[in-house]
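Spelled out from the first residue to the last, the chains are:
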Amino acid sequence: MVMRDFSTAKTVFGKWTAGLRPLLSGLLLISLTASAALAERLSVAVPIANIRSGPGGNYELLWKVEKYHPLEIVKKSGSWYQFKDFEGDGGWISAPLLAKVPAVITKADNCNIRSGPGTQYDVVFVVDRGIPFKVLDRKEKWLHIQHADGDKGWIHDNLVW
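Thresholds, definitions, all that
- Residues numbered from 1 in each chain as written.
- Predicted model: local features only at pLDDT ≥ 70, side-chain atom pairs only at ≥ 80, totals over all residues.
- Heavy atoms only, no water.
- Helix = DSSP H or I, 4+ residues; strand = E, 2+ residues; numbered from the N terminus.
- Buried < 20%, exposed > 50% of the residue type's maximum accessible area, 1.4 Å probe, protein only.
- Contact = heavy atoms within 4.5 Å.
- Areas by Shrake-Rupley, 256 points an atom, 1.4 Å probe, with all protein chains shown as cover.
- Core = buried A, V, L, I, M, F, W, Y, C linked by side-chain atoms within 4.5 Å.
- Lys, Arg positive; Asp, Glu negative; His and termini not counted.
- Salt bridge = Lys/Arg side-chain N within 4 Å of Asp/Glu carboxyl O.
- Polar contact = N/O pair within 3.5 Å; in protein donor to acceptor, adjacent residues only side chain to side chain.
- Phe/Tyr/Trp six-rings, centres within 6.5 Å; stacked < 30°, edge-to-face > 60°.
- Lys NZ or Arg CZ within 6 Å of the ring centre and 35° of its normal.

Asks: Which residues make up the overall build of the protein, and what are the values?
Replies: Along its length, the protein carries one helix and 13 strands. The 161 residues of the protein split such that 30% are buried. Of the contacts made within the protein by residues no fewer than 6 positions apart, 49% connect residues no fewer than 24 positions apart. Carbon together with sulfur atoms contributes 55% to the accessible area of the protein, which is approximately 10100 Å² in total.

Here is the structure:
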């Protein structure tokens, strides 16, 4: 029976893998940062935008969205962005139709839009689910919002995505 001493190999391997740890950590960080960058939120910057089934104007038109509709970007292909919306639906939109405008969309029916940041303020109008707004300001959990038609008010942040 031959006895082998693996302590030298173990020491060399340990030093080699220890040298890889910073590299692997860096690669993991870059990967997570790239994913975070793609998960950015943009909003529609034009009155009406077409949502397509693929990255190009020749793909099927799925539906249309209005100004300030917020979208979570998941992938880019040329000048097209693949996205998910507040309902988890996805599609493709041309990059020039989007902007980095802070925006929200109502996720409940009968959302009260108030004249100020609190329930003690009057309700100025009520909106249904799926109405997009540009965010003008924030006071604690209340958002000052504006619709594309110019209507403004305040909404609690638990009512929007």
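Asks: Which residues make up the nonpolar core, and what values go with them?
Replies: Counting residues in each nonpolar core, the largest one holds twelve residues, listed as L42, V44, A49, I51, V65, L71, I73, Y81, F83, I93, A95 and L98. Discounting residues that sit within four places of it in the chain, A49 has contacts with V44, W63, K64, V65, I93 and L97. Counting eleven residues, the second largest nonpolar core, distinct from the first, contains I113, F125, V135 and I145.

Asks: Describe the side chain of D85, naming the residues involved and giving the relevant values.
Replies: When you line up the elements, D85 lands in the loop between β5 (80-84) and β6 (90-94). Buried charge D85 goes without a salt bridge, the closest partner of opposite sign being R129 at 8.2 Å. Within the local environment of D85, its side chain forms a polar contact with the backbone nitrogen of E87, the two atoms lying 3.0 Å apart. When sequence neighbours within four positions are dropped, the list of residues in contact with D85 reads W63, H69, P70, L71 and W161.

Asks: Pulling in residues and values, what's your account of the packing of aromatic side chains?
Replies: Summed over all chains, the structure comprises one aromatic pair. Between the aromatic rings of W63 and F83, the centroid separation amounts to 6.4 Å while the plane-to-plane angle is 85 degrees, which identifies the pairing as edge-to-face. Of the two residues, W63 sits in strand β3 (residues 61-66) while F83 sits in strand β5, which places them 20 residues apart along the sequence. The lysine or arginine in question, R41, covers the ring of W161, its NZ or CZ lying 3.6 Å from the ring centre.

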